[in-house]
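Observations on the model geometry
Chain by chain, the residues:
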Amino acid sequence: MMIPPFISIDPATRRVSLDASNPAFYGNPNAAYAALHAHCPTFYWEEQKQWFFTGYDHVNALLRDRRFGRQILHIASREELGLPEPDQHVANFDLAERFSLLELEPPEHTRLRTLVNRAFVSRHVEKMKPELAELADTLIDTFEKSGEVELLSAFADIIPVTMIARMIGIPEEMGPQLLKWSHAYIRMYLFGRTRADEDGADKAAKEFSDYVKTVIAERRANPQDDLLTHMIHTEHKGQYLTEDELVSTTIVLLNAGHEATVHQIGNSVRMILDSGLDPAALFKDEATTERTVEETLRICAPVHIFQRWALEPVEIDGISFRRGDKVSLILAAANLDPAKFTDPLTFTPGRNEAPNLSFGAGIHFCIGAPLARLELNVVLPILFERLPGLKIAKTPKVKDVYHFHGLDRLDLSWATK
Ligand code: HEM
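Now for a description of the structure that goes with this document. Values in this document were obtained by computation on a predicted structure and should not be read as measured data.

1. Regarding unusual backbone geometry
- In this structure, the amide linkage connecting P106 to the following residue, P107, adopts the cis form with an omega of 5°.
- Here P107 shows up in the loop between α5 (91–97) and α6 (108–119).
- Note the cis peptide between Y402 and H403, where omega equals 25°.

2. As for the nonpolar core
- With 112 residues, the main nonpolar core has F25 and F155 as its most contacted residues.
- Every residue in contact with F155, bar those within four places of it in the chain, is listed here: A136, L139, I140, F143, I265, V379 and L383.
- Core analysis: the next-biggest nonpolar cluster, separate from the first, contains 20 residues, F53, Y56, I316 and F321 among them.

3. Regarding the packing of aromatic side chains
- Inspection of the entire model under this criterion finds 20 aromatic pairs.
- On the basis of an interplanar angle of 65° and a centroid distance of 4.9 Å, the ring pair of F25 and Y402 is categorised as edge-to-face. Pair noted here: F25 is in helix α1 (residues 23–26) and Y402 is in the loop between β11 (391–392) and β12 (411–413), with a separation of 377 residues, a long-range link. Each member of the pair, F25 as well as Y402, carries the same accessibility label: buried.
- Measuring from ring centre to ring centre gives 6.2 Å for F53 and F321, while their planes differ by 55°; the resulting arrangement is tilted. Pair noted here: F53 is in strand β4 (residues 50–53) and F321 is in strand β9 (residues 319–321), with a separation of 268 residues, a long-range link. Here F53 and F321 have matching classes, each one buried.
- Three or more aromatic residues link up through ring pairs in this structure, and these residues are F6, F25, Y33, F43, W45, F52 and Y402.
- Looking at R15, its charged tip hangs above the ring of Y44, at a distance of 4.3 Å from the centre.
- Above the plane of the ring of F341 lies R298, whose end atom (NZ or CZ) is 5.1 Å from the centre.

4. Topic: the environment of G406
- For G406, the position within the fold is in the loop between β11 and β12.
- If near-sequence neighbours (up to four positions away) are discounted, G406 is found in contact with H263, N267, V398 and K399.

5. Digging into the site of the ligand
- Taken together, 27 residues lie around the ligand, and R70, H109, R308, H364 and C366 are the ones closest in.
- With respect to the ligand, the side chain of R70 contributes an N or O atom lying 2.6 Å from an oxygen atom.
- One nitrogen or oxygen atom from the side chain of H364 is found 2.6 Å from an oxygen atom belonging to the ligand.
- Examining the composition of the shell around the ligand, we find that five residues originate from one element, helix α14 (residues 243–275), more than from any other.
- Classifying every residue of the shell around the ligand by side-chain character gives 17 nonpolar, seven polar and three charged.

6. A short note on helix α8 (residues 129–143)
- For α8, with 15 residues, the first-to-last C-alpha span of 22 Å sits near the 21 Å given by 1.5 Å per residue.
- All of the buried residues along α8 are L132, L135, A136, L139, I140 and F143. Taken down its axis, α8 places every buried residue within 130° of arc, on the same side. Opposite the buried face of α8, by more than 90 degrees, sit the exposed residues P130 and E134.
- Lining the buried residues of α8 we find β6 (148–150), α9 (151–156), α10 (158–168) and α18 (369–386).

Criteria and cut-off values
- Residues numbered from 1 in each chain as written.
- Predicted model: local features only at pLDDT ≥ 70, side-chain atom pairs only at ≥ 80, totals over all residues.
- Heavy atoms only, no water.
- Helix = DSSP H or I, 4+ residues; strand = E, 2+ residues; numbered from the N terminus.
- Core = buried A, V, L, I, M, F, W, Y, C linked by side-chain atoms within 4.5 Å.
- Buried < 20%, exposed > 50% of the residue type's maximum accessible area, 1.4 Å probe, protein only.
- Contact = heavy atoms within 4.5 Å.
- Phe/Tyr/Trp six-rings, centres within 6.5 Å; stacked < 30°, edge-to-face > 60°.
- Lys NZ or Arg CZ within 6 Å of the ring centre and 35° of its normal.
- Near = heavy atom within 4 Å.
- Polar contact = N/O pair within 3.5 Å; in protein donor to acceptor, adjacent residues only side chain to side chain.
- Nonpolar A, V, L, I, M, F, W, Y, C, P; charged D, E, K, R; others polar.
- Expected span 1.5 Å × (residues − 1).
- Arc of directions from axis to C-beta.

Structural data, given as structure tokens:
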């Protein structure tokens, strides 16, 4: 296995040096992941100063391992862990995250997830199918005759935010503003974020939270048949969601609810067109469509890395972790493990191998997976059916936002009648 020139791997010490901001890497991370699988699937990433796992079995097991958590401050103080005090300039961001499902561990996580799940039931998701198809059709109507489109701005950006806003009960005209807040907010999760990113994220968190509070007050006064009203009234064993929990949950649903799905619409279309496979066969019926969508989720996932804290001393793959150490799991690399997938870098819908790990596993498994899957399964076949002969007009560039994986733009063209 060739090691790409931009990555240096020392299998003896399991040390890897790799600049995540190098376009040669983030433009095609799968090549680096293949080299890591071949030479050093568990490695210490010098630049990130942390251990990373790429093996499918390790990532899958670690996601479910209760000796690891997404949070550690529920069992240890900052002082004990040698962590700095929280930065005041991101206080609004921290407050918005305080009750994010992604930042909690049991028992708080269990309580909140049960309550949110009760409101976020599949009937809310399934019933969106017709309006999702209608939205895709309406958007395609606007560019079908022109024979060309930049797909992300005209299609991919709009669908997930519109659907999640409708589902939560946020007025649709807020879509562009939600996108702005969300783009600023998620810059906090980037490798190598700057002070400007932090200030921008904090400002967005404040404005976003203030806005969500006004909608909550409005729904308390005027209940509707939407997720926010359900979350306000949902009850389990005499418990309700508090105001802060409602704000955090709404924000995490709105953010997580579209960023990854936007990227994935673009990644999938590109992958399908690059593969040279016949879209008519890939989207022949619901079963083939589902296999196509799952294979795109495996081979070009939109979010590559999630982290865990070691909650107690633990040894994994010969590496000893102390309580308070952080580890990183490269989900997108686990999906390419040659021990699980034959010819892993090849797009082969219908492979009957391991499930992809793109939505995680265990207690934090993506609560929005049914919605994201529905969106992909509904809009992709419509797009390919309505625009026969679709092709890539300009080689797309991958966004410089590792560890997210999405395109800057996707210029497409097709023959018009
Ligand atoms: C293709 C699109 C998506 C991908 C690849 C994705 C991926 C993930 C992953 C990997 C996790 C687990 C993180 C961890 O274990 O640390 C997660 C959690 C989560 N996702 Fe998604 N997601 C997507 C779409 C969505 C949508 C549409 C929503 C909301 C409607 C959503 C809401 C959430 C929430 C709230 C969590 C936290 C769950 C918990 O901690 O209990 N995601 N997502």
